Amino acid sequence: MPHENPQSIFTQTKPAIYLEGWGMRAEEVEALARTLQGLLPSLDWHAGDTPVPGALTLVLVDEGALAGDARGAIWNTFGPVEAMRRARQAGVAAVAVCRGRISRLPPERVGLWVTTASGDWAQNLQALVRALAALEWEPRRGYKEVAAWRGLRALTQANLLAVMTSNEDAGDFAGLVRQAFSASMAPPAALSVAGASRAVVERTLVEAGMQETEIVAVAPMTLDGIMRVDALVGFPWPQPAYSA
């Protein structure tokens, strides 16, 4: 069952999330923000021309719509890459979420890029945000400090290609993570998990020989209080020469 009053897990200011769409109509992004506000009301979801100060920005990238079926408009895919670069320069916490083949985007990218299944945007973004929020969890304060999104800084300042996974079977965390690890031949550089105990996470990393993972965040409960495991696994991406 979800938390009886999700807003009570935060301070008086609800954490804000701003949606920026690429390959999506403005009205589609705004409708998505309204949908997510109903599905996960403990967060303050926004879209439109002006980003909300202090918000976590999710740069939504529909690769197929940007480049077209024949890949004739490949130059359009540079738009979200540039948006992520500007966000980093401005010190804005931003995560790019790509629907489609992320391998078709320009290889010189900065920041955290998450590849998603071809499923529903709203479902994917909920799972992503719940996994990201684990970086804000503190044992004594819980999710009280999420509004500032300070815990995300190390992750958003890294160059990573990430996959996310969600499973209602909290007891099978090891299998869930092994499935995510199989997405790359390289060891992960970051792992953010909500809904699992730190002991289980650490044991799984040791068993997989990945205890040297640089960024590891664990929250024993999910953002909405529902019993499930939400995980984000990030793999290193080369530093572009121009971003230095």
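For the structure itself, consult the block above.
Residues numbered from 1 in each chain as written. Predicted model: local features only at pLDDT ≥ 70, side-chain atom pairs only at ≥ 80, totals over all residues. Heavy atoms only, no water.

Student: In this structure, what is going on with the packing of aromatic side chains? I would like to understand it.
Tutor: Here a ring pair, both rings aromatic, is described through the centre-centre distance and the interplanar angle of the planes. What the rule picks out here adds up to one aromatic pair. On the basis of an interplanar angle of 75° and a centroid distance of 5.0 Å, the ring pair of Trp137 and Tyr143 is categorised as edge-to-face. No difference in accessibility class separates Trp137 from Tyr143, as the two residues are buried. The cationic tip of Arg109 hangs over the ring face of Trp113; the distance from NZ or CZ to the ring centre is 5.3 Å. (Phe/Tyr/Trp six-rings, centres within 6.5 Å; stacked < 30°, edge-to-face > 60°. Buried < 20%, exposed > 50% of the residue type's maximum accessible area, 1.4 Å probe, protein only. Lys NZ or Arg CZ within 6 Å of the ring centre and 35° of its normal.)

Student: So what exactly am I meant to see when it comes to empty space enclosed by the protein here?
Tutor: With a probe scaled to a water molecule rolled over the atoms, the places where space remains empty come into view. Overall, the coordinates contain one cavity of 30 Å³ or more when judged by the stated rule. There is about 40 Å³ of room inside the largest cavity. Considering the residues around the largest cavity, the lining is formed by Met84, Ala87, Arg88, Val92, Ala93, Ala94, Gly111 and Thr156. At three residues, helix α3 (residues 78-90) tops the list of elements feeding residues into the lining of the largest cavity. Its residues assigned to classes, the lining of the largest cavity comprises five nonpolar, two polar and one charged. (1 Å grid on protein atoms, 1.4 Å probe; cavity = no way out; pocket = protein on both sides within 12 Å on 5 of 7 lines; lining within 4 Å. Points joined across faces, edges and corners; volume = space filled by probe spheres on them. Helix = DSSP H or I, 4+ residues; strand = E, 2+ residues; numbered from the N terminus. Nonpolar A, V, L, I, M, F, W, Y, C, P; charged D, E, K, R; others polar.)

Student: In this structure, what is going on with the layout of surface pockets? I would like to understand it.
Tutor: In this structure, the largest pocket encloses a volume near 370 Å³. Taken together, 21 residues form the lining of the largest pocket, with Ala55, Thr57, Ala87, Val92 and Ala93 sitting closest to its centre. For the lining of the largest pocket, the elements supplying multiple residues, two or more each, are β1 (16-22), β3 (56-62), α3 and α5 (153-156). Ranked by residues supplied to the lining of the largest pocket, first place goes to α3 with four residues. Within the lining of the largest pocket, the residues separate by chemical class into 13 nonpolar, five polar and three charged.

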